[in-house]
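# Results of the structural survey
Residue-level listing of the chains:
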Amino acid sequence: MASRRLRVLTLTDNLDRAGGAERVAAYVAAGLDRSRFESYLCATRPTEGDLVDDVLRADVRLLRLERSSRAALWQLAPLVRLLRERRIDVVHAHKLGSNVWGVVLGRLTRAPLVVAHEHTWSFQGQPLRKALDREVIGRGADAFLAVSREDRRRMIEVEGVNPKKAVFLPNGIPPLPPATGHDVRGELGIDPGAPVVGSLSVLRDQKRLDVLIRAAALLHGDFPELRVLIPGVGPNAPELHALAAGLGVAGSIRFLGTRTDIPELLAALDVAVNSSDYEGSPLSVMEFMSAGKAIVATRVGGVPDLLEGGVHGLLVEPGDPAALAGALRRLLGDPDLRRRLGQAARERQQREFTLEAMVDRVEALYEDLFARTTRAAQEHWARPERRRDGS
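Residues numbered from 1 in each chain as written. Predicted model: local features only at pLDDT ≥ 70, side-chain atom pairs only at ≥ 80, totals over all residues. Heavy atoms only, no water.

## Some thoughts on the pairing of strand β4 (residues 90-94)
Walk down a regular strand and you will see the side chains alternate between the two sheet faces. Just so we agree on the cut-off: For the exposure calls, accessible area comes from a 1.4 Å probe over protein chains only, and a residue counts as buried if that area is under 20% of its type's maximum, exposed if over 50%, partly exposed in between. Helical segments are the DSSP runs of H or I of at least four residues, strand segments are the runs of E of at least two, and each set is numbered from the N terminus. Two strands are said to pair when DSSP picks up at least two bridges between them. Note on handedness: a clockwise path from strand one over the helix to strand two, with the strands aimed away from the viewer, defines a right-handed crossover.
The buried fraction of β4 is high, at 5 of 5 residues. Burial of the side chains of β4 extends over both faces: Val90, His92 and His94 are buried on one face and Val91 and Ala93 on the other. Taken together, the 4 bridges between strand β1 (residues 6-12) and β4 define a ladder with parallel strand orientation. In the sheet register, Thr10 faces β4, and the bridge partner there is His92. Pairing geometry for β4 and strand β5 (residues 113-118), over 5 bridges, is parallel. From the neighbouring strand, His94 faces β5, where its bridge partner is His117. Crossover connection from β4 via helix α4 (residues 96-108) to parallel β5: handedness right-handed.

If you want it as structure tokens, here you go:
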């Protein structure tokens, strides 16, 4: 039986670190066991930044297409050449646009295995999206990955995707970088004893940071020194600033803009918050868990896969400032509960939601599915032995 490395092409629109799907794509491409896989990554849109540096350092062969628009189909030609010339074995696409192109171009170039990967549920009431998922991606891909059990259920029950192709594959994150010791509270002039809560997210509709600001207004009487840290940028920034001013809590809400010092920001928080209306399997919640933070999160998407309410954090219904304020009030008034929930969350993240665990699951999927292909049979391909340290 022959044994060789599988050639894997990861397909994504860009490598923007602010996007969870883009980070997962880069993490997997960079993390594949090089004794068993050759790793290629194609970013179809203009892309730069530290995720690019990460994949290049990891010996990932990067193709940047710099597509100027969706209509610029001719700019996909280098990708087609790569698929054909390198005889790619596995095309692994991430998010709707890349999922569609991964299926179309993967089949056009006769790649034996096409894997599509959806990262959140945001398309209720969009017939075209449902049709693309069911008729193009669901039919054309060999596996259609969902990052939460709830998303998989919706793929099957709402969109009609074949249950045999819909696969739940949870996310994972690398260890947080070591903290530098920088004092974010001191930088921002926040008293060491003041209660501080915060989020990590893009400032857009999905994240419902307006709910967090309204909850802060409800807590102002009980916790006049409360400070809310909101790092990030996004289209909702002007209206969020206006909302804080209109509710009289502009002095309590700190909009921090783009920040890369995530460990230091998390160290400054008493409670971490995810107030989203919908989610897939949010990396920010995993980062909260990794840092051992007490967490309040909305009961949406894959969040209940990460946090058992009352064990690893507190869960509230989305769009309810009063419920969010009540959970925050409970945690801010009970340091022992904060410590207990934070410790349990950290232990669970390190046990179940690590980058290594996610990459292991993806590698096993690739090899299991490729072993069933015609190319594998023709080559008498055999799965190579794992060579990871400790395996």
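## Quick word on the packing of helix α11 (residues 283-290) against helix α14 (residues 335-352)
Which entries qualify depends on this criterion: Axis lines are fitted through C-alpha atoms, for helices just across the contact stretch, and the angle between N-to-C directions can take any value from 0 to 180 degrees. Any angle that is under 35 degrees is reported as roughly parallel, and any over 145 degrees as roughly antiparallel; angles of 65 to 115 degrees are reported as roughly perpendicular and all others as oblique. The contact criterion used is simple: two residues touch if any of their non-hydrogen atoms lie within 4.5 Å. Classification used: nonpolar for Ala, Val, Leu, Ile, Met, Phe, Trp, Tyr, Cys and Pro, charged for Asp, Glu, Lys and Arg, polar for all others including Gly.
Running from N to C, α11 and α14 cross one another at 115°; their axes reach a closest spacing of 7 Å. By the angle between their axes, α11 is roughly perpendicular relative to α14. Contacts between α11 and α14 pair Met286, Met289 and Ser290 from the former with Gly342, Ala345, Arg346, Arg348 and Gln349 from the latter. The residue inventory of the contact of α11 with α14, partitioned by class, reads 3 nonpolar, 3 polar and 2 charged.

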